[in-house]
Amino acid sequence: MPEAVIIDAVRTPIGKRKGALADIHPEDLSAYVLRALVERAGVDPVVVDDVIWGCVSQLGEQSIQIGRSAVLAAGFPESVPGVTVNRACGSSQQSVDFAAALVRSGHDDVVIAGGVESMTRVPMGLGADLGRPYGTQLRARYAQDLGSGEFPDGEFHQGIGAERIARKAGLDRRRLDEYSARSHALAKEATDAGAFAGQLVRIPSLPGFTADEGIRPGTTPETLAGLKPAFTEDGLVHAGNSSQISDGASAVLVTTPERAAELGVTPIARYHTGAVSAANPLDMLSGPIPATHKVLKRSGLSIADIGVFEVNEAFAPVPLVWQAEFGVADELLNPLGGAIAVGHPMGASGTILLTRMLNHMRDKGIRYGLQTMCEASGTANATIVELLD
């Protein structure tokens, strides 16, 4: 079976809600990263067999198959197809898994994976994808828990899931806020050190927009202590220890080593192993734990073989509960900060994490990196990549 390798990875700076990217159509955000990716890689887009594009809220400006319209907006030949996928917050990470599977199987030779989300222009909200999203049979399966009074309006709810896993793990508010302050501090440190500079795509109409917009320098547990709980009156989770609502896009170029040689391009990493799993949809956000166990078992690697971990900071309890399970040192977990500081444009976040992680691995000479992402209804993706010399 052929290997899958990554030629390059790019992303926009992440814009905060109603911030710098608020006036940019998500199709155009997508086009900027697609065009920049092939230009940086030195690849003629005519050789691209498919573009697999993650997007969660596929309505309004993100409807009508934005994966295909982004390809056309980027100026790619009309012969290049595109498809849009939705695995909730893991949509673009799943896009990478699909791209790798396609080139490893021999079905395709060159595939772009990525995603977009403009959460300013297409707001997220329960039922935004046309009405109440859960039917009678699913509700009946979990009726006792949903009717317990814990879940607002008897709905599956990520915020309540974050509260549940925090309490089960014995995490208190102070610990969650300490972690959140750490995210801002590390993101600010990485930005100041230029860790992201080489991966960012410039937006032509925003020449001064050169860094992730949501970082709040000087954030401390004390400054977060005054924020009100977001989901329950006596809750632990609030806006400051949750991911930010954001706008952004990202993309990676996937092919085989043989095709890369034919195209005269040098891969930066090998797609080593991917896995997807699922867990209890009420806790919902604990999915990265079984996904990580699964991808490690499938890969033949141990947790000690991995030199950096990106665990998406949807809410502070997610990486902390994951860390407690695997005993990973603080310095290896989200060393550049995460979505609490920079934001979580859902459809783009998987390949944003991958782009950040790949560049960090290259900067630090780290052989293996693992990323994982919690997703709606308890699913989660986990992916291992290997840096190439």
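As annotated in an unreviewed UniProt entry, the protein carries the name Acetyl-CoA C-acyltransferase and comes from Rhodococcus jostii. Its UniProt record gives the protein the following Sequence similarities (unreviewed entry) comment, quoted word for word: "Belongs to the thiolase-like superfamily. Thiolase family."

J.: Would you mind going over the packing of aromatic side chains with me for this structure?
T.: Any aromatic ring pair is given by two values, namely how distant the centres are and how the planes are angled relative to each other. The full count for this structure, using the stated rule, is five aromatic pairs. Ring centres of Y142 and F156 lie 5.7 Å apart, and the angle between their planes is 80 degrees; this geometry places the pair in the edge-to-face category. With a gap of 14 residues between them, Y142 in the loop between α4 (136-141) and α5 (143-146) and F156 in the loop between α5 and α6 (158-168) connect regions that are remote in the sequence. The class for Y142 is buried, based on a relative accessible area of 15%. One aromatic cluster is present, built from ring pairs that chain together Y134, Y142 and F156. It is R11 that lies over the ring of F196; its NZ or CZ is 5.1 Å from the centre.

J.: Would you take a moment to explain the environment of G15 for this structure?
T.: Relative to the assigned elements, G15 resides in strand β2 (residues 15-16). Measuring from C-alpha to C-alpha, the distance between G15 and Q244 comes to 9.8 Å, with 229 residues separating the pair along the chain. With near-sequence residues (within four places) excluded, G15 lies in contact with L21, F209, E213, S246 and D247.

J.: Looking at this model, I keep getting lost on helix α11 (residues 317-326). Mind explaining?
T.: One turn of the α-helix equals 3.6 residues, which is why residues spaced by three or four share an orientation. Of all ten residues in α11, eight are buried; the element is thus mostly enclosed. Regarding α11, the residues found buried are P317, V318, P319, L320, V321, W322, Q323 and F326. Where α11 is buried, its residues contact α6, α7 (173-192), α10 (288-299), β8 (308-311) and β9 (368-374). Directly beyond the C-terminal end of α11, a positive phi value near 65 degrees is found at G327.

J.: For this particular structure, what's the right way to read the state of the cysteines?
T.: Two cysteines whose sulfur atoms are joined by a covalent bond form what is called a disulfide. In the structure shown here, the tally under the stated rule is zero disulfides. Unpaired in terms of disulfides, C55 finds its nearest cysteine sulfur in C89, a separation of 12 Å. Free of any disulfide, C89 has its nearest neighbouring cysteine sulfur in C374, separated by 6.2 Å.

So, how was this worked out
- Residues numbered from 1 in each chain as written.
- Predicted model: local features only at pLDDT ≥ 70, side-chain atom pairs only at ≥ 80, totals over all residues.
- Heavy atoms only, no water.
- UniProt positions renumbered as here; feature names shortened; annotations may be inferred.
- Phe/Tyr/Trp six-rings, centres within 6.5 Å; stacked < 30°, edge-to-face > 60°.
- Helix = DSSP H or I, 4+ residues; strand = E, 2+ residues; numbered from the N terminus.
- Buried < 20%, exposed > 50% of the residue type's maximum accessible area, 1.4 Å probe, protein only.
- Lys NZ or Arg CZ within 6 Å of the ring centre and 35° of its normal.
- Contact = heavy atoms within 4.5 Å.
- Disulfide = S-S within 2.5 Å.

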